[in-house]
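Understanding the architecture of this molecule
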Amino acid sequence: MTTANRAEEAAEKAVPSRSWPVLLVVVCAQMLIWLDTSVLNVAVTTLADPVDGLGATPAELEWVASAYTLVFAGTLFAGGALADRFGPRNTLVAGLALSARPPARAPSRPVPPG
């Protein structure tokens with residue numbers, strides 16, 4: 001057996017084939033967090049606009065970001081408690097379903113004129 005064959009066998013044993021679907025699920029969950037943060041950043045620029053938005057001051061925008069972070073941390077703690085009770089897989093599936101529902105319905109909403 002050559003050294004190259006041994007390295008290939010070691011690599012196959014190191015990463016089981018079941019780990020790829022798990023990685024895909026974790027990446028999708030992280031994408032939802034990234035998407036939520038992007039939405040917050042877009043909303044902040046709209047809120048700060050004095051003509052089309054609310055004309056929020058930098059201090060008020062800090063409150064918006066802090067409130068988002070606080071709610072996000074609270075849902076993480078609640079999700080952890082639910083995962084302890086119902087299992088991590090069921091909790092992750094339920095959380096992803098709840099998080100994906102509003103963006104999936106967004107294209108059916110009418111766009112306000114402006």
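See the structure printed just above.
In this text, all values refer to a predicted model and were calculated from it rather than measured experimentally.

1. Re the overall build of the chain
Along its length, the chain carries four helices and zero strands. Classification of the 114 residues of the chain by burial places 6% in the buried group. About 9,500 Å² of surface is accessible on the chain, with carbon and sulfur atoms providing 70% of the total.

2. Looking at helix 3 (residues 58-86)
Taking 1.5 Å of rise per residue, 29 residues should cover 42 Å, and helix 3 covers 41 Å from first to last C-alpha, within 8% of that figure. At the C-terminal side of helix 3, G87 shows a positive phi close to 100 degrees.

3. Structural notes on the layout of surface pockets
Here the largest pocket defines a volume of roughly 810 Å³. Every residue lining the largest pocket is counted, 26 residues in all, and those nearest its centre are T75, L76, G95, L96 and S99. Among the elements that line the lining of the largest pocket, the one with the most residues is helix 3, at 11 residues. Here the residues of the lining of the largest pocket are counted per class, giving 17 nonpolar, eight polar and one charged.

4. Description of helix 2 (residues 19-48)
In a regular helix each residue adds 1.5 Å, so 30 residues correspond to 44 Å; helix 2 covers 44 Å between its end C-alpha atoms and thus fits that length. Those residues of helix 2 that sit buried are A29, L32 and L40.

5. Observations regarding the packing of helix 2 against helix 3
The description of two helices packed together rests on the angle between their axes and the distance between the axes. The N-to-C vectors of helix 2 and helix 3 enclose an angle of 160 degrees; their axes lie 10 Å apart at closest approach. Between helix 2 and helix 3, the interaxial angle falls into the category roughly antiparallel. As for the relative orientation of helix 2 and helix 3, their crossing is right-handed in sense. Taking contact as the criterion, the partners of I33, D36, T37, L40, V44, L47 and A48 in helix 2 are, on helix 3, L61, V64, A65, Y68 and F72. In terms of residue class, the contact of helix 2 with helix 3 is made up of 10 nonpolar, one polar and one charged.

The rules we used
- The written sequence of each chain sets the order in which its residues are numbered from 1.
- Confidence filtering applies because this is a predicted model: local features only for residues at pLDDT of at least 70, side-chain atom pairs given and counted only at 80 or more, and all residues used for totals across whole chains, interfaces and linings.
- Processing note: side-chain calculations cover all non-hydrogen atoms of the structure and skip hydrogens and water entirely.
- Strands are runs of DSSP state E lasting at least two residues, helices are runs of H or I lasting at least four, and both sets are numbered from the N terminus onward.
- Only protein chains enter the accessibility calculation, which uses a 1.4 Å probe; a residue is then buried when its area is under 20% of its type maximum, exposed when over 50%, and partly exposed in between.
- Exposure was quantified through the Shrake-Rupley algorithm and a 1.4 Å probe, taking into account, for residues, occlusion by the shown protein chains and nothing else.
- Multiply 1.5 Å by the residue count of a helix minus one, and that product is the helix's expected span.
- Put simply, the grid is 1 Å and covers the protein atoms alone, a cavity is a trapped set of points that fit a 1.4 Å probe, a pocket is an open set with protein on both sides within 12 Å along at least five of seven lines, and lining residues have an atom within 4 Å of a point.
- Grid points are joined across faces, edges and corners, and a volume is the space filled by probe spheres set on the points.
- Under the grouping applied here, Gly and all other residues not named as nonpolar or charged are polar, the nonpolar ones being Ala, Val, Leu, Ile, Met, Phe, Trp, Tyr, Cys and Pro and the charged ones Asp, Glu, Lys and Arg.
- Axis definition: a line fit to C-alpha positions, over the contact stretch in the case of helices; interaxial angles, taken between N-to-C directions, run 0 to 180 degrees.
- Under this scheme an angle from 65 to 115 degrees is roughly perpendicular, one under 35 degrees roughly parallel, and one over 145 degrees roughly antiparallel; angles in between are oblique.
- Put simply, a crossing is left-handed when the front helix is turned counterclockwise from the back one by less than a right angle, and right-handed when it is turned clockwise.
- Should any heavy atoms of two residues lie within 4.5 Å, those residues are considered in contact.

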